[in-house]
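Topology and contacts: notes
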Amino acid sequence: MNVAPKGSIAHVWKGDTMDDIMSEMYTVTSNGHHAILSSCWYLNYIKYGADWGYVDNDNNRLRGLYYECDPTGFGGTQAQMDLVLGGEAAMWGEFVDGTNITPRMWPRASAVAERLWSDPAQTYSADVAWPRLHEHRCRMMSRGYEAEPPNDPDYCPDYWDPQYPDMET
């Protein structure tokens, strides 16, 4: 019998379109289960350009949903929405290993955190977010963190000069 025990938390990770994702959230919560959503925030998807922003495509893997997605946006009752615990960023290993996990994660995970932890009225637009993400990337780099450019190639006023001890003479 494929029935989850009472008190289970469902991790919603599938869905190629926003309709698929929200339908799954609706189904999980209508069955009385708590839910956490990650379908919108896969950090390992490889796209050309700013992958957290807009791409004109319905497919989740081709479109950046970071700012469009709301874990409670499935149109359920208040009781269903109360079962939503939130969301999480996820990264799988097809294109990620120890050499690129940190730069791949940042600043993408920053966009997810901003969307999930900030006022939704202030975090609905990738267009409005990109200057904040650029500034945050520069701040991270100035503190020594490796972070990929969030908005295509860009410039930070602090010079990035990592030290490689094995290359010193």
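This is a predicted model, so every value here is computed, not measured. (Residues numbered from 1 in each chain as written. Predicted model: local features only at pLDDT ≥ 70, side-chain atom pairs only at ≥ 80, totals over all residues. Heavy atoms only, no water.)

1. So, the pairing of strand 1 (residues 9-12)
Keep this limit in mind: Whether two strands pair comes down to DSSP finding at least two bridges between them. Working definition: helices are DSSP H or I runs of at least four residues, strands are E runs of at least two. Numbering for both runs from the N terminus. Orient the strands so they point away from the viewer; a crossover is then right-handed if the path from the first strand over the helix to the second runs clockwise.
Sheet analysis places strand 1 next to strand 2 (residues 34-37), joined by four bridges and oriented parallel. Its bridge partner lying in strand 2, V12 is registered against L37. Between strand 1 and its parallel partner strand 2, the chain crosses via helix 1 (residues 18-30), and the hand of that crossover is right-handed.

2. What about the packing of helix 4 (residues 108-117) against helix 5 (residues 126-142)?
To describe two helices that pack against each other, one gives the angle between their axes and the distance between the axes. The cut-off we apply is this: To define axes, lines are fitted to C-alpha atoms, for helices over the stretch in contact only, and angles between the resulting N-to-C directions are given on a 0 to 180 degree scale. Working definition: roughly parallel below 35 degrees, roughly antiparallel above 145 degrees, roughly perpendicular at 65 to 115 degrees, and oblique for all remaining angles. The hand of a helix crossing depends on one turn: near helix anticlockwise from the far one by less than a right angle means left-handed, and clockwise means right-handed. Contact between two residues is taken to exist if any of their heavy atoms lie within 4.5 Å; hydrogens are not considered. In this classification, the charged set is Asp, Glu, Lys and Arg, the nonpolar set is Ala, Val, Leu, Ile, Met, Phe, Trp, Tyr, Cys and Pro, and all remaining amino acids, among them Gly, are polar.
For the pair helix 4 and helix 5, interaxial distance at closest approach is 10 Å and the crossing angle is 125°. Taken together, the axes of helix 4 and helix 5 are oblique relative to one another. In this structure, helix 4 crosses over helix 5, and the sense of that crossing is right-handed. Touching S110, A111 and E114 of helix 4 are A129, R132, L133, H136 and M140, all from helix 5. A per-class count over the contact of helix 4 with helix 5 returns four nonpolar, two polar and two charged.

3. So, the packing of aromatic side chains
Two descriptors summarise a pair of aromatic rings, namely the distance from one centre to the other and the angle between the planes of the rings. For the record, the criterion: When two rings of Phe, Tyr or Trp (its six-membered ring) have centres within 6.5 Å they constitute a pair, described as stacked for plane angles under 30 degrees, edge-to-face for angles over 60, and tilted for the intermediate range. The buried label applies to any residue whose accessible area, calculated with a 1.4 Å probe on protein chains only, is under 20% of its type's maximum; exposed applies above 50%, and partly exposed to all values in between.
Inspection of every chain in the model, using the stated rule, returns two aromatic pairs. Both rings, one in Y26 and one in F74, keep their centres 6.3 Å apart while their planes meet at 75°; by these two values the pair is edge-to-face. Taken as a pair, Y26 in helix 1 and F74 in the loop between strand 2 and helix 2 (78-81) lie far apart in primary sequence, 48 residues in all. Seen from their ring centres, Y42 and W92 are 6.5 Å apart, and the 20° between their planes marks the pair as stacked. Placement of the pair is Y42 in the loop between strand 2 and helix 2 and W92 in the loop between strand 3 (84-87) and helix 3 (101-105), with a sequence separation of 50 residues. According to the relative accessible area criterion, W92 is partly exposed, its value standing at 46%.

Taken by themselves, the reported measurements are silent on function.
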